[in-house]
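# Structure at a glance
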Amino acid sequence: MLLKKNMKRLYFDESGFTGYNHLDREQPIFALASHDLNEELAQSIMKRSFPNYKGEEYKFSSLWKSSKPQFLGLAKNLKPFTNGIRFWIIDKHFAVLVKMVDFLIEPATTASGYNFLAGGFGRKLANQIYYNFQSNATPGMLDELLNQYQFFSRNPSKETLATFLTNIEHLYNKQSLAVKHHLALMVEGVRNFEHFNNLDTFKSTNDLQFTAMLAMIVDWRKATSEDFTVIHDASSNFLRQRQLWDQITSHDVISQDFPLGDGSTVAYPLRVLNTKSVNSKDSYGVQLSDLLAGYASKHFDLTRPKEERETLDGMVTAGLYGSNFNSIRPAKDFPSGAPSKLTGPDAVDLLINIMKKN
């Protein structure tokens, strides 16, 4: 495929990847960073920010140990360009709960004739359940619930499903009525799990990288009308689903306004005309994304020590306050009532149609 000369080049990298273990206490945040600065500008900014660095490539893990105060200079040097910098942040602990809502509550709700995703209902319900369980459940119940679900989702079988049902019913019996109201929906979802899901393929639903990459492209699509070429570190695991990526981002997708989980829409096709894997040593653009992703994974980790927090917060003040953030994190945005009636294909069906046609 011939690339347009004026195509926007987007550089990506990530931090906080722990495979399918989303409950890792040491790395609770997955961060994806993207920018549209060209290679020469990215190199110039990093050289000015870390003038004494002699490493083979600019790596967050090395620079954070040796040159932490100089990250304030990086933020300052990036200040004029923050409109072209984007972050996607996933609180992995909360993301497991979102997965539970998606796979244990959504199927039966949709089958009953309701549009679970319209107007961001699903995400709002996850928020409500999170704060309900945090405030009203027995001590440690939420952590135990998430651990039980993660164990099952990483090892899906009839045996682990049966164990999960036994354990979630046990947790249910210990809760107050306020908690039982939401937990009962999950219990029913486990009981009917095989009616809506395939145990043989269910493990793949744990992927967060692909979700974050697609969400980031959607954010870029909503912000600009240009075509994209995506440039990412070859060590990234998100292209384990390369066929799915190509299907969804194809320029041959029929033009349509696609509904999103937050209640907004995005215009399809997403106009990703090329996706390139590169060795990070060969791309200053990817190296800058690595620095930004590493920063973000620590900034949104509220357990970081005070000496790190001063630098992390200082980077926002120094220049990064103008960049664009989006996230999957708990928020106090709750549903105002029941989901709306389903009047046509929902977002999941529309996405399946896109994949079938490509």
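All values derive from a computational prediction rather than experimental measurement.

## Details of the side chain of Asp219
With respect to the helices, strands and loops of the structure, Asp219 is situated in helix α10 (residues 209–223). For Asp219, the contacting residues outside a window of four places in its chain are Arg86, Trp88 and Asn326.

## Examining the pairing of strand β7 (residues 265–268)
It is a general feature of regular strands that their side chains alternate between the two faces of the sheet. The side-chain alternation of β7 yields one buried face, formed by Val266 and Tyr268, and one unburied face, formed by Thr265 and Ala267. Sheet topology places strand β6 (residues 256–259) next to β7; four bridges connect them, and they run antiparallel. Directly across from Gln256, in β7, lies its bridge partner Tyr268. In textbook terms, the turn of a hairpin is the stretch between consecutive antiparallel strands, and for β6 and β7 this stretch comprises five residues, one of which, Gly263, has a positive phi near 100°.

## Describing the sheet that holds strand β3 (residues 85–91)
One open sheet accounts for six strands, arranged β8-β5-β1-β2-β3-β9; its pairing is mixed. Each of the sheet's edge strands pairs with one partner strand only, and the pair in question is β8 (272–278) and β9 (324–328). Neighbour-to-neighbour, the strand axes of this sheet turn through a mean angle of 20°, independent of strand direction. Sheet topology places strand β2 (residues 29–35) next to β3; seven bridges connect them, and they run antiparallel. From the neighbouring strand, Phe30 faces β3, where its bridge partner is Ile90.

## Structural notes on unusual backbone geometry
For residues other than glycine, phi is negative in most cases, and the peptide bonds are mostly trans. Pro269 follows Tyr268 through a cis peptide bond whose omega is 5°. The phi dihedral of Arg271 falls on the positive side, at around 65°, and the residue is not glycine. Looking at the element boundaries, Arg271 is found in the loop between β7 and β8. Judged by relative accessible area, which is 30%, Arg271 ranks as partly exposed.

## Examining the pattern of salt bridges
Side chains that differ in sign of charge can pair as their charged atoms come close. All told, the structure shown has 13 salt bridges when counted by the stated rule. Here Asp143 and Arg25 are joined by a salt bridge, their closest N and O atoms 3.3 Å apart. Within this pair, whereas Asp143 is found in helix α6 (residues 141–154), its partner Arg25 is found in the loop between β1 (8–15) and β2, the two being separated by 118 residues in sequence. Look at Arg25 and you get exposed, because its relative accessible area is 57%.

## Some words on helix α3 (residues 71–78)
All buried positions along α3 are accounted for by Phe71, Leu74, Ala75, Asn77 and Leu78. The buried residues of α3 occupy one face: seen down the axis, they fall within an arc of 165°. Packed against the buried residues of α3 are α1 (39–49), α2 (60–66), β3, α12 (284–299) and α13 (306–318).

## Comments concerning the packing of helix α4 (residues 92–111) against α6
One way to put it is that α4 packs onto α6 with a least axis distance of 10 Å and a crossing angle of 65°. Two packed elements cross with a definite hand, and for α4 against α6 that hand is left-handed. Residue-level contacts link His93, Val96, Leu97, Lys99, Met100, Phe103 and Leu104 of α4 to Leu142, Asp143, Leu145, Leu146 and Tyr149 of α6. When the residues that make up the contact of α4 with α6 are grouped by side-chain class, the tally is nine nonpolar, one polar and two charged.

## As for the packing of aromatic side chains
Using the criterion set out here, one finds 21 aromatic pairs in the structure. Their ring planes at 15° and their centres at 5.8 Å tell us that Phe152 and Phe164 sit as a pair that is stacked. Note that Phe152 is positioned in helix α6 and Phe164 in helix α7 (residues 158–173), a separation of twelve residues in sequence. The same class applies to Phe152 and to Phe164, which are both buried. Ring-pair connections join several aromatic residues into one group, and the members of that group are Phe103, Tyr149, Phe152, Phe164, Phe193 and Phe202.

## Observations regarding the layout of surface pockets
One number sums up the size of the second largest pocket: a volume of about 410 Å³. Residue lining of the second largest pocket: 18 residues in total, with Pro28, Ile29, Asp91, His93 and Leu302 positioned closest to the centre. Looking at the lining of the second largest pocket residue by residue, the classes come out as eight nonpolar, four polar and six charged.

## What to know about the environment of Ile217
Tracing the sequence through the fold places Ile217 in helix α10. Once residues within four sequence positions are removed from consideration, Ile217 is found in contact with Leu10, Phe12, Phe228, Val230, Trp245, Leu270 and Val272.

The rules we used
Residues numbered from 1 in each chain as written. Predicted model: local features only at pLDDT ≥ 70, side-chain atom pairs only at ≥ 80, totals over all residues. Heavy atoms only, no water. Helix = DSSP H or I, 4+ residues; strand = E, 2+ residues; numbered from the N terminus. Contact = heavy atoms within 4.5 Å. Buried < 20%, exposed > 50% of the residue type's maximum accessible area, 1.4 Å probe, protein only. Pairing = 2+ DSSP bridges. Axes fitted to C-alpha atoms, helices over the stretch in contact; angles between N-to-C directions. Salt bridge = Lys/Arg side-chain N within 4 Å of Asp/Glu carboxyl O. Arc of directions from axis to C-beta. Left-handed = near helix turned anticlockwise from the far one by under 90°. Nonpolar A, V, L, I, M, F, W, Y, C, P; charged D, E, K, R; others polar. Phe/Tyr/Trp six-rings, centres within 6.5 Å; stacked < 30°, edge-to-face > 60°. 1 Å grid on protein atoms, 1.4 Å probe; cavity = no way out; pocket = protein on both sides within 12 Å on 5 of 7 lines; lining within 4 Å. Points joined across faces, edges and corners; volume = space filled by probe spheres on them.

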